[in-house]
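# Observations on the three-dimensional arrangement
This is what each chain is made of:
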Amino acid sequence: MTASPTASEAVRPTALWGVSLASLGVFLASLAFCWVNAYVVNDDLPNSCGDLRRQSFPPEVECASADGTLTGANSGWLEALFFASLVVFVLLASMVPALASVRRK
């Protein structure tokens, strides 16, 4: 037989909450980096570009040259980090309440 958890043990945050909040922090930081790259670093790009491409999620403003090169694009690792941290946050944030309901039974 196992003892039922006390009130302080039931309210205590778990490691899943910690990882979930850490991934939320990484997501918000990468969102801020993408926004700064699009609207602060490349703020004059729309004035000097003929083929301007905009993306809203994650924010990106890039200029496509005739030879196919892109100027002002977010780096690939930053976008991968952006979407990966978003997926991890959503999965863990949805798992925590489900796990808590299973533990109560």
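Parameters at a glance
- For every chain, the first residue of its written sequence is number 1, and the numbers climb from 1 along that sequence.
- For this predicted model, a pLDDT threshold of at least 70 governs which residues receive local features, and a threshold of 80 or more governs which side-chain atom pairs are given and counted, while totals over whole chains, interfaces and linings are taken from all residues.
- Excluding hydrogens and water, the side-chain values take into account all heavy atoms of the structure.
- For every residue, the predictor assigns a confidence score, pLDDT, that lies between 0 and 100.
- Put simply, DSSP marks the helices as runs of H or I at least four residues long and the strands as runs of E at least two long, and each gets a number from the N terminus on.
- Any carboxyl oxygen of Asp or Glu within 4 Å of a side-chain nitrogen of Lys or Arg constitutes a salt bridge here.
- Working definition: with a 1.4 Å probe on protein chains only, accessible area under 20% of the residue-type maximum means buried, over 50% means exposed, and in between means partly exposed.
- Here, a strand pair is defined by DSSP locating no fewer than two bridges between the strands.
- In what follows, a contact means two residues having at least one pair of non-hydrogen atoms within 4.5 Å.

## Section: the confidence of the model for the chain
In regions of low pLDDT, the predicted coordinates are not meant to be interpreted in detail. Here the chain shows a mean pLDDT of 84. Residues at 70 or above account for 88%. Across the chain, helix H2 (residues 15-41) holds the top mean pLDDT of 93, while helix H1 (residues 7-11) sits lowest at 53.

## A short note on the pattern of salt bridges
If charged atoms from side chains of opposite charge come close, those side chains can pair. For the structure shown, the criterion picks out one salt bridge. Here Arg 53 ties to Asp 51 by a salt bridge, and the two come within 3.5 Å at their closest N and O atoms. Overall, the relative accessible area of 40% leaves Arg 53 in the partly exposed class.

## Notes on the pairing of strand S2 (residues 59-64)
It is a general feature of regular strands that their side chains alternate between the two faces of the sheet. Extensive coverage of S2 is indicated by the burial of six of its six residues. Burial along S2 is two-sided: Pro 59, Val 61 and Cys 63 facing one way and Glu 60, Glu 62 and Ala 64 facing the other are all buried. Bridge analysis of strand S1 (residues 52-56) against S2 gives five bridges, and the strand direction is antiparallel. Bridge pairing in S2 links Gln 55 to Glu 60. Pairing between S2 and strand S3 (residues 70-71): two bridges, direction antiparallel. Residue pairing for S3: Ala 64 is matched across the bridge by Leu 70. Between S2 and S3, which pair antiparallel in sequence order, lie five residues; one of them, Gly 68, sits at a positive phi of approximately 100 degrees.

## With respect to the side chain of Ser 85
On the secondary structure map, Ser 85 appears in helix H3 (residues 76-104). Those residues in contact with Ser 85 that lie beyond four places of it in its chain are Ser 23, Val 26, Phe 27 and Ser 30.

## A short note on the environment of Leu 21
Topologically, Leu 21 is positioned in helix H2. Each C-alpha atom, one on Leu 21 and one on Leu 92, is 9.2 Å from the other, the two residues being 71 residues apart in sequence.

## What to know about the environment of Val 19
Mapped onto the fold, Val 19 is located in helix H2. Once the C-alpha coordinates of Val 19 and Leu 92 are considered, the two residues, 73 residues apart in sequence, prove to be 7.8 Å apart.

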